[in-house]
Amino acid sequence: MQDQIETSAEAAEAAALPRCYEVHANSETESGAKDLPGQLQKPVETKSPAQWAYERLILYIQNFEKTLTGDQEVAMGFTGGDAGVMRIEGMGYFDPDIITFYGSDATGARTQLVQHVSQLNVMLRALPKSVEDKPANRIGFRLAKDLEES
């Protein structure tokens, strides 16, 4: 029950602001973002579909990386084909509707995926880190930092 009285303008603004909601079978599993970063709290109408998808993907990648061990890095698997898995090393968007992923495949070859937001379908996967003597790469935290600074 809500104890605070809102004006109709406040209620309309709250309805337009982004929310994140998750439920997990394991009650000890930490849900995603409870407090969205400032950039994600801006009304959706002020963003292109590409920017909006990009910002939310950063949040999902960052939350996924929190579950990884020090020997794992985030990668994405492709559905609907045999393109394999790409270690995520960078991400961007091109307004109004393109998301781009940069990385490398299982053989170490440079890869880039350019995808329309209407076709966006990303499966995050944990892969062993690529170099044994270096700490695991955490792209999600770098992307989130850049998002906060912009």
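A brief look at the structure comes next. (Residues numbered from 1 in each chain as written. Predicted model: local features only at pLDDT ≥ 70, side-chain atom pairs only at ≥ 80, totals over all residues. Heavy atoms only, no water.)

Quick look at the overall build of the chain
How we decide: A helix here means a DSSP run of H or I that spans at least four residues, while a strand means a run of E at least two residues long, and both kinds are numbered starting from the N terminus. Each residue's exposure class comes from its accessible area (1.4 Å probe, protein chains only) as a fraction of the maximum for that residue type: buried when under 20%, exposed when over 50%, partly exposed otherwise. Contact definition: two residues touch when any of their heavy atoms are within 4.5 Å. Each accessible area value is a Shrake-Rupley result obtained with a 1.4 Å probe; residue values ignore everything except the protein chains displayed when judging cover.
Of regular secondary structure, the chain possesses 3 helices and 5 strands. When the helices and strands of the chain are placed in sequence order, the string is α-α-β-β-β-β-β-α. Put simply, the chain has 150 residues, and 33% of those count as buried. The long-range fraction of contacts in the chain, counting pairs at least 24 apart against all pairs at least 6 apart in sequence, stands at 56%. Surface summary for the chain: the accessible area is close to 10,000 Å², and the carbon and sulfur share equals 51%.

Description of the sheet that holds strand β4 (residues 110-116)
Condition: When DSSP locates at least two bridges between a pair of strands, those strands are taken to pair. Axis lines are fitted to C-alpha atoms, over the contacting stretch for helices. Their N-to-C directions set the angle, which ranges from 0 to 180 degrees.
The strand order across the open sheet built from 5 strands is β4-β3-β2-β1-β5, with neighbouring strands paired in antiparallel fashion. Strands with a single pairing partner mark the edges of an open sheet, and in this sheet they are β4 and β5 (123-128). When strand polarity is set aside, the average angle formed by the axes of neighbouring strands in this sheet is 40 degrees. Two elements, strand β1 (residues 72-77) and β5, share 6 bridges in a ladder whose sense is antiparallel. Its bridge partner being in β5, M76 is matched across the sheet by L124.

What to know about the environment of G70
Considering the arrangement of structural elements, one finds G70 in the loop between α2 (49-65) and β1. A relative accessible area of 49% places G70 in the partly exposed class. Not counting residues within four places of it along the chain, the set of residues in contact with G70 comprises K129, A136 and R138.

Here's the deal with the pattern of salt bridges
Two side chains of opposite charge can pair, provided their charged atoms sit close to one another. Spelled out, the test is: By convention in these notes, a salt bridge is any Lys or Arg side-chain nitrogen within 4 Å of a carboxyl oxygen on Asp or Glu.
A complete count under the given rule lists 2 salt bridges for this structure. In this structure, the salt-bridge partner of E55 is K47, at a minimum N-O distance of 2.6 Å. A relative accessible area of 10% means that K47 is categorised as buried. Here R87 makes a salt bridge to E73, at a shortest N to O gap of 2.8 Å. Of this pair, R87 sits in strand β2 (residues 85-94) while E73 is found in strand β1, placing the two residues 14 residues apart along the sequence. In this structure E73 comes out as buried when scored by relative accessible area, which is 6%.

Considerations on the packing of aromatic side chains
Aromatic rings considered in pairs are described by the distance between their centres and by the relative angle of their planes. Convention followed: Pairing of aromatic rings covers Phe, Tyr and the six-membered ring of Trp, with a centre-to-centre limit of 6.5 Å; geometry is then stacked below 30 degrees between planes, edge-to-face above 60, and tilted otherwise.
Using the criterion set out here, one finds 1 aromatic pair in the structure. Between Y54 and Y93, the aromatic rings sit 5.0 Å apart at their centres with planes inclined by 50 degrees, giving tilted as the arrangement. Here Y54 is found in helix α2, whereas its partner Y93 is found in strand β2, with 39 residues between them in sequence.

Thoughts on helix α3 (residues 139-149)
Note: α-helices contain 3.6 residues per turn, so residues at a spacing of three or four share the same orientation. To be explicit about the condition: What the arc covers is the set of directions going from the helix axis to the C-beta atoms.
The set of residues buried in α3 consists of I139, G140, L143, A144 and L147. Axial view of α3: buried residues confined to an arc of 130 degrees, hence all on one face. In α3, the exposed positions angled more than 90 degrees off the buried face are occupied by K145, E148 and E149. Each element contacted by the buried residues of α3 is listed here: α2, β1 and β2.

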